[in-house]
Amino acid sequence: MTTNTVVSVSDLEKTYGKPNERQYTALKGLNFSVAAGEFVGIMGASGSGKTTLLNMLSTLDTPTKGNVVVNGHDVTQMRGNQLADFRAQEVGFIFQDFNLLESLTAEENIGLPLALKGTPSKVMDQAIHEVADTLSIADLLQKYPAELSGGQKQRVAAARAIVHHPAILMGDEPTGALDSTSARELLDLLTTINAQQQMSVLLVTHDPFSASFCQRILFIKDGQIGSELRRGDLDRREFYQQVLNELGTFNE
Amino acid sequence: MLGKLALAGIKNRRRDYLVLLAGLTMSAAIFYMFANLATNRAFLNANAVVSSASVIFGFGAVLLILITVVYIMYANSFLLSMRQHDYGLFMMLGATRKRVGELVFLETLILGTIATAIGVVLGLLLSKFLVGFLLNALGLHLKHLTAFYLPAIVATVVLYVGLFILASLFNLVRLTRTTVLKLLHSDELANQPKVNPVWQLIQGVLGIGLLALGYWAMAAINDLQMAAIPLALVTITIGTYLLFRATILTIIRALRHTSWAKKRLNGFLLGQLNFRVHNYTRMLTIVSLLFAMALGAITVGSGYHRQLPLMAQRTGTYSVAVHDPNAHEQKLLDRLDSAYTATYTQKRQGKTVYYNAAELKRQPVEQRAYTKTGTAKHVSRQSFKAFQKSGIKDLDFLSLALTKAGSPYAPKILSAAQFKQQAGQTITVTTVRVKNLAQDLGTLKRLNQLEMARFSHPAEMTVGNYQSYTLMLGMFGGLEFIGYFLGIAFLAMLASCLMFKILSGAPGDQRRYRMLYKVGVRYHLMRHGIAKEIGILFLIPGIMGIIDVLFGLQMFKPLMPAPMSPYQGIGLTFLIFVGLYAIYYLITLALYWRIVLPKTTDA
Ligand SMILES: Nc1ncnc2c1ncn2[C@@H]1O[C@H](COP(=O)(O)OP(=O)(O)O)[C@@H](O)[C@H]1O
Ligand SMILES: [Mg+2]
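How each quantity is defined
- Residues numbered from 1 in each chain as written.
- Chains lettered and ligands numbered in written order.
- Predicted model: local features only at pLDDT ≥ 70, side-chain atom pairs only at ≥ 80, totals over all residues.
- Heavy atoms only, no water.
- Helix = DSSP H or I, 4+ residues; strand = E, 2+ residues; numbered from the N terminus.
- Rg over C-alpha atoms; globule rule 2.2 N^0.38 Å.
- Buried < 20%, exposed > 50% of the residue type's maximum accessible area, 1.4 Å probe, protein only.
- Contact = heavy atoms within 4.5 Å.
- Areas by Shrake-Rupley, 256 points an atom, 1.4 Å probe, with all protein chains shown as cover.
- Lys, Arg positive; Asp, Glu negative; His and termini not counted.
- Charge placed at Lys NZ, Arg CZ, Asp CG, Glu CD.
- Near = heavy atom within 4 Å.
- Polar contact = N/O pair within 3.5 Å; in protein donor to acceptor, adjacent residues only side chain to side chain.
- Nonpolar A, V, L, I, M, F, W, Y, C, P; charged D, E, K, R; others polar.
- Patch = residues over 30% accessible without salt bridge, like charges linked within 9 Å, V, L, I, M, F, W, Y side chains within 5 Å.
- Salt bridge = Lys/Arg side-chain N within 4 Å of Asp/Glu carboxyl O.
- Phe/Tyr/Trp six-rings, centres within 6.5 Å; stacked < 30°, edge-to-face > 60°.
- Buried area = accessible area lost by both parts, 1.4 Å probe.
- Pairing = 2+ DSSP bridges.
- Axes fitted to C-alpha atoms, helices over the stretch in contact; angles between N-to-C directions.
- Parallel < 35°, antiparallel > 145°, perpendicular 65-115°, else oblique.
- Left-handed = near helix turned anticlockwise from the far one by under 90°.
- 1 Å grid on protein atoms, 1.4 Å probe; cavity = no way out; pocket = protein on both sides within 12 Å on 5 of 7 lines; lining within 4 Å.
- Points joined across faces, edges and corners; volume = space filled by probe spheres on them.
- UniProt positions renumbered as here; feature names shortened; annotations may be inferred.
- Core = buried A, V, L, I, M, F, W, Y, C linked by side-chain atoms within 4.5 Å.
- Domains from an automatic or database assignment.

1. Focus on the overall build of chain B
Line of reasoning, step 1. Check the secondary structure of chain B and you find 21 helices and seven strands.
Line of reasoning, step 2. Radius of gyration (C-alpha) of chain B: 32 Å, far over the 25 Å computed for a compact globule of 603 residues.
Line of reasoning, step 3. Along the first, second and third principal axes, the C-alpha set of chain B runs to 110 × 55 × 55 Å.
Line of reasoning, step 4. Within chain B, the fraction of its 603 residues that count as buried is 51%.
Line of reasoning, step 5. For chain B, the proportion of contacts with a sequence separation of at least 24, taken over those separated by at least 6, is 83%.
Line of reasoning, step 6. Total accessible area on chain B stands at roughly 27,900 Å², and carbon and sulfur atoms take up 67% of it.
Line of reasoning, step 7. The positive charge centre, built from 59 side chains, and the negative charge centre, built from 23, are 6 Å apart in chain B.

Structure, rendered in structure tokens:
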């Protein structure tokens, strides 16, 4: 493993269900890696195992077999508090359903990862305001999630995901619950964050439009990486067309 | 079709329904048990020697009804919160409001009727066993106490079914007035009350004022008579509520702006409390009242239980006198923890009982001194000379030889030689003064029974202070029983009230803690967070309840005449009660941890 690899997955296998029950193998020996600063998309039909894969990477679930190394940590070897701390420090996560705590203001939601680390409140305030400026949500900080639109909520969630400068930002269909304008705004923001902060981004989606914002796309089929597409020097529209073409052949 | 859907919805949440049903059943059962006592005229007339006892019962009933109303409202809002999402969905799918309204009405009513029916049956059984057990444990015998009492059943059914009809109507109106969207998203709505400092201050001052008025009313029960209890009840309830509203919200808001709030999960804890503060103030008020009533009732009950023997012990000298003890009685006598034992030989002839001077010199008869106001002082032993003059006329000494009619023989003291010559029926009598009446009650009871069976004293004749004790028990035992009984009843109510809070909050919290888990919060942090939140819910009403009781015991001064006092020895009672409360907290906490904390295996 070289130092500029952020995620490295080898032989990853996941089987749901106990041995004596009905079992289902969602991932069957997956291999891939993400370099530092890369913006990678993972595409696949519904039920192809995208969420399963992301859960393995973010330690929300444990693999049946194989290795996952994130930013130098062997995720499969971690236990208890190590897992919690890993999630709190190494990864930023954006969920389809926002995952914002409705009893906290936007500001408090964003500050949560820093509070967990025991960051001094001055430093915390500064970090929150910096990230809020980047995502243009400075005027929303005092509001509660119930007072925000879907797009605003997702931007707050993105702010929370990056406020502590994780090694990698992961999103599981973060645009899934957004209208097309909000979705586009969020994707532009992710692109900006990726470019400005050199933060690696791993975006899971089934939507070709979202995927076209990535530099590289991995296609999952039947629990394995079926094919891979690189954007190279193409602009987003051209890449979008290419993704559509690929899906056409991929799904046959 | 809609009925089927509704049924499926209920099936999905059968655990919640079971708890709801269990809570309501418990409440109906407790009410039945109480009504069984309160409406039973024969029982009251036979046992309530103190006239105010029946007044207490009357107000006890009113109080219990009030609590029941609040309780059912609380349970009903829990039911509604469980169901409104489903109902919103039905309406969105095109069901008419009228049809959904019918469903709501029926569902509430059916649930209520089932709870009432099971509750009455449970109440019957509990009356039979718990009341019996309690009487046994307290060494009480109360006449005319039966488990099955028709008027009590009627009262319970009328009250509960009536309340549930009201609750159904309330739900009907509530659901048909709210918009579908609100129903669907009821659990996500932001509830952020605005804080106006002036209004907060007014609330706080008003709350303290009302509390003071309530505390004063309880102390002034002699002047206010009947008016004191309802006055105290209303003012303390409203006062507590206002005080909580004024302070809790202000404290939370103030804490939220400190840097303490930005450490770990503190901010989350404050957010949670702030989010539910309206729910919480209501809950905390109810719980603090129930806590106060449970603790107060048990304190009074145990006050009688502890102080009656103490008081009895200060009447007369010896605890028990046994004539011609047989082998069995002698064994029992030996078992007593005696402070002073004496045995005298009597010779009875005509209307005179003769004593041996030698025996009286060897084992002087004890006397008890009294102050001018009649308060008992310590016991002492007179010189033989003094005894011949005064001690010989003491009722305690005279009572050692009673005729069948109950009048005493005239005592005469003879020298040892003369006594030997004296003719007459020879009887020995052994008097024992025990160190601690409460500890030897069991043995004394046995001895007294045997003595009564062998020599037919008139039953109401007091011989020894064990007999005084039984006499007092007849007077105050009813109150002691009511105290314990109500205490247990209120404690059970309190438990199920807190249970509802837990269950109605759990689904939302499950989601929230799942989010925290995903964000990478350590397990022990989440555990601590929950322990703090639930701890606050237990602590605040506990403190408030103890304050209420300390003032409220004033009310029992007329019922516990000196030398008894409602405050004597309350420390231990409080300690035991707080211990029980702490255990209940730990159980609740463990339960909540299990329900709310995410399992590591599923994502
Ligand atoms: N907890 C689970 N238990 C059993 N099977 C599961 C579980 N989670 C997901 N699956 C199955 O694994 C497959 C992949 O699911 P998922 O990763 O959620 O797909 P995607 O996110 O690509 O739509 C699906 O067939 C799904 O039914
Ligand atoms: Mg998915």
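Moving on, there is more to tell.
2. A few points about the site of ligand 1
Residues and elements named next belong to chain A.
Line of reasoning, step 1. Taken together, Tyr 16, Tyr 24, Ala 26, Ala 45, Ser 46, Gly 47, Ser 48, Gly 49, Lys 50, Thr 51 and Thr 52 form the complete shell of residues around ligand 1.
Line of reasoning, step 2. At 3.1 Å from an oxygen atom of ligand 1 is found a main-chain nitrogen or oxygen belonging to Gly 49.
Line of reasoning, step 3. A distance of 2.6 Å separates an oxygen atom of ligand 1 from a polar atom in the side chain of Thr 51.
Line of reasoning, step 4. Protein contacts shield 58% of the accessible area of ligand 1, which totals 560 Å² for the unbound molecule.
Line of reasoning, step 5. For the shell around ligand 1, the secondary structure elements donating two or more residues are strand 2 (24-35) and helix 1 (50-57).
Line of reasoning, step 6. Sort the elements by how many residues they give to the shell around ligand 1 and helix 1 lands first, with three residues.
Line of reasoning, step 7. A class-by-class count of the residues in the shell around ligand 1 yields four nonpolar, six polar and one charged.

3. Digging into unusual backbone geometry
Line of reasoning, step 1. The phi dihedral of Asp 222 of chain A is positive, around 50 degrees, even though this residue is not glycine.
Line of reasoning, step 2. With respect to the secondary-structure elements, Asp 222 of chain A resides in the loop between strand 9 (216-221) and strand 10 (224-230).
Line of reasoning, step 3. In this structure, Asp 324 of chain B takes a positive phi of about 45 degrees despite not being glycine.
Line of reasoning, step 4. Inspection of the secondary structure assignment puts Asp 324 of chain B in the loop between strand 1 (320-323) and helix 13 (327-335).

4. What about a nonpolar patch on the surface?
Residue and element names in this part refer to chain B.
Line of reasoning, step 1. On the surface, a cluster of nonpolar side chains totalling about 690 Å² of accessible area is made up of Leu 572, Leu 575, Ile 576, Leu 580, Ile 583, Ile 587 and Leu 591.
Line of reasoning, step 2. By secondary structure assignment, the location of Leu 575 is in helix 21 (residues 570-596).
Line of reasoning, step 3. With a relative accessible area of 64%, Leu 575 lands in the exposed category.

5. Here we look at the packing of aromatic side chains
Residue and element names in this part refer to chain B.
Line of reasoning, step 1. In this structure the tally under the stated criterion is 16 aromatic pairs over all chains.
Line of reasoning, step 2. Judged by centre distance (4.2 Å) and plane angle (5 degrees), the rings of Tyr 215 and Phe 551 are stacked. Taken together, the residues Tyr 215 in helix 8 (residues 197-219) and Phe 551 in helix 20 (residues 523-552) connect sequence positions 336 residues apart.
Line of reasoning, step 3. Looking at Tyr 215, the relative accessible area reads 9%, which means it is buried.

6. Overview of the interface of chain A and chain B
Line of reasoning, step 1. Taken together, the 29 residues of chain A in the interface contact 33 residues of chain B.
Line of reasoning, step 2. Buried area between chain A and chain B, summed over both chains or domains, comes out near 2,700 Å², and the portion from carbon and sulfur atoms is 56%.
Line of reasoning, step 3. Applying the counting rule to chain A against chain B returns five salt bridges.
Line of reasoning, step 4. Here chain A is connected to chain B by nine residue pairs in polar contact (both at pLDDT 80 or more).
Line of reasoning, step 5. Of all the elements in the fold, those that place two or more residues in the side of chain A that touches chain B are helix 2 (80-89), helix 3 (106-117) and helix 4 (121-134) of chain A.
Line of reasoning, step 6. Across the side of chain A that touches chain B, the residue classes tally to 13 nonpolar, eight polar and eight charged.

7. Concerning the sheet that holds strand 2 of chain A
What links the strands of a sheet is backbone hydrogen bonding, and the strands pair in either a parallel or an antiparallel sense.
Line of reasoning, step 1. If you walk across this open sheet you meet the four strands as 2-1-4-5 (chain A), and the pairing is antiparallel. Strands at the two margins of the open sheet, each flanked by one partner only, are strand 2 and strand 5 (73-74) of chain A.

8. Observations regarding the packing of helix 20 of chain B against helix 21 of chain B
All names here are of chain B.
Line of reasoning, step 1. Two numbers describe how helix 20 lies on helix 21: the axes approach to 10 Å, and their chain directions differ by 155 degrees. As summarised for this structure, helix 20 and helix 21 are arranged roughly antiparallel, according to the angle between their axes. Note on packing geometry: the crossing formed by helix 20 with helix 21 is right-handed. Contacts between helix 20 and helix 21 involve Arg 527, Ile 530, Ala 531, Ile 534, Gly 535, Phe 538, Pro 541, Gly 542, Ile 546, Val 549 and Leu 550 from the former and Ile 570, Phe 574, Val 578, Tyr 581, Tyr 584, Tyr 585, Thr 588, Leu 589, Tyr 592, Trp 593 and Val 596 from the latter.
Line of reasoning, step 2. When the residues that make up the contact of helix 20 with helix 21 are grouped by side-chain class, the tally is 18 nonpolar, three polar and one charged.

9. Side note on empty space enclosed by the protein
A water-sized probe rolled over the atoms picks out the places where empty space is left.
Line of reasoning, step 1. Following the criterion strictly, the structure yields eight cavities of 30 Å³ or more and no others.
Line of reasoning, step 2. In this structure, the second largest cavity spans a volume of roughly 110 Å³.
Line of reasoning, step 3. Lining the second largest cavity, in full, are Arg 87, Ala 88, Val 91, Gly 92, Phe 93, Phe 95, Pro 113, Arg 160, Ala 161 and His 164 of chain A together with Lys 518 and Val 519 of chain B.
Line of reasoning, step 4. Elements represented by at least two residues in the lining of the second largest cavity include exactly helix 2, strand 6 (91-94) and helix 5 (150-162) of chain A together with helix 19 (464-519) of chain B.
Line of reasoning, step 5. In terms of residue count, strand 6 of chain A provides more of the lining of the second largest cavity than any other element does, three residues in total.
Line of reasoning, step 6. Across the lining of the second largest cavity, the residue classes tally to seven nonpolar, two polar and three charged.

10. Focus: the side chain of Glu 173 of chain A
Residue and element names in this part refer to chain A.
Line of reasoning, step 1. Tracing the sequence through the fold places Glu 173 in the loop between strand 7 (168-172) and helix 6 (180-197).
Line of reasoning, step 2. There is a polar contact of 2.8 Å between the side chain of Glu 173 and the side chain of His 206.
Line of reasoning, step 3. Setting aside residues no more than four positions away along its own chain, Glu 173 makes contact with Lys 50, Gln 96, Val 204, Thr 205 and His 206.

11. Things to note about the pairing of strand 3 (residues 352-356) of chain B
Residues and elements named next belong to chain B.
Line of reasoning, step 1. Most of strand 3 sits out of view: five of its five residues are buried.
Line of reasoning, step 2. Side chains Thr 352, Tyr 354 and Asn 356 of strand 3 all project onto a buried face; the interleaved residues Val 353 and Tyr 355 project onto the opposite face, where all are buried too.
Line of reasoning, step 3. A loop of two residues connects strand 2 (residues 338-349) with strand 3, the two strands running antiparallel in sequence, and Gly 350 in this loop sits at a positive phi of about 60 degrees.

12. Regarding the pairing of strand 7 of chain A
Residue and element names in this part refer to chain A.
Line of reasoning, step 1. Most of strand 7 is tucked away: five of the five residues are buried.
Line of reasoning, step 2. Residue alternation in strand 7 divides its side chains into two sets, Ile 168, Met 170 and Asp 172 and Leu 169 and Gly 171, and both sets are buried.
Line of reasoning, step 3. Pairing geometry for strand 6 and strand 7, over four bridges, is parallel. Note that in strand 7 the partner of Gly 92 across the bridge is Leu 169.

13. A few points about the sheet that holds strand 3 of chain B
Residues and elements named next belong to chain B.
Line of reasoning, step 1. One open sheet accounts for five strands, arranged 1-7-2-3-6; its pairing is mixed. Edge positions in the sheet fall to strand 1 and strand 6 (410-414), since each of these pairs with one other strand and no more. Each strand axis lies, on average, 30 degrees off the axis of its neighbour in the sheet, ignoring direction.
Line of reasoning, step 2. Where strand 3 meets strand 6, five bridges bridge the pair, whose relative direction is parallel. Bridge pairing in strand 6 places Tyr 354 opposite Lys 412.
Line of reasoning, step 3. Packed onto the sheet, helix 18 (residues 441-454) meets strand 1 and strand 7 (425-434) and runs at close to 40 degrees relative to strand 1.

14. Side note on the side chain of Asn 274 of chain B
All names here are of chain B.
Line of reasoning, step 1. One can find Asn 274 in helix 11 (residues 266-275).
Line of reasoning, step 2. Judged by relative accessible area, which is 0%, Asn 274 ranks as buried.
Line of reasoning, step 3. A polar contact is formed between the side chain of Asn 274 and the side chain of Arg 253, at a distance of 3.0 Å.

15. Things to note about the UniProt feature "domain: ABC transporter" (unreviewed entry) in chain A
Line of reasoning, step 1. Per the UniProt entry, the sites bearing "domain: ABC transporter" (unreviewed entry) are residues 7-247 of chain A in this numbering.
Line of reasoning, step 2. Here residues 7-247 of chain A runs as 38% helix and 26% strand, with 25 Å between its end C-alpha atoms.

16. Things to note about the nonpolar core
Line of reasoning, step 1. Ranked by size, the top nonpolar core spans 148 residues in total, and within it Leu 24, Leu 265, Tyr 304, Phe 481, Phe 485, Phe 490 and Leu 516 of chain B carry the most contacts.
Line of reasoning, step 2. Of all the elements, helix 19 of chain B adds the most residues to this core, at 23 residues.
Line of reasoning, step 3. For this core, the domains that each give at least three residues are domain 1 (1-189) and domain 2 (320-463) of chain B.
Line of reasoning, step 4. Counting 45 residues, the second-largest nonpolar core is a separate cluster that includes Met 43, Ala 132, Leu 141 and Leu 203 of chain A.

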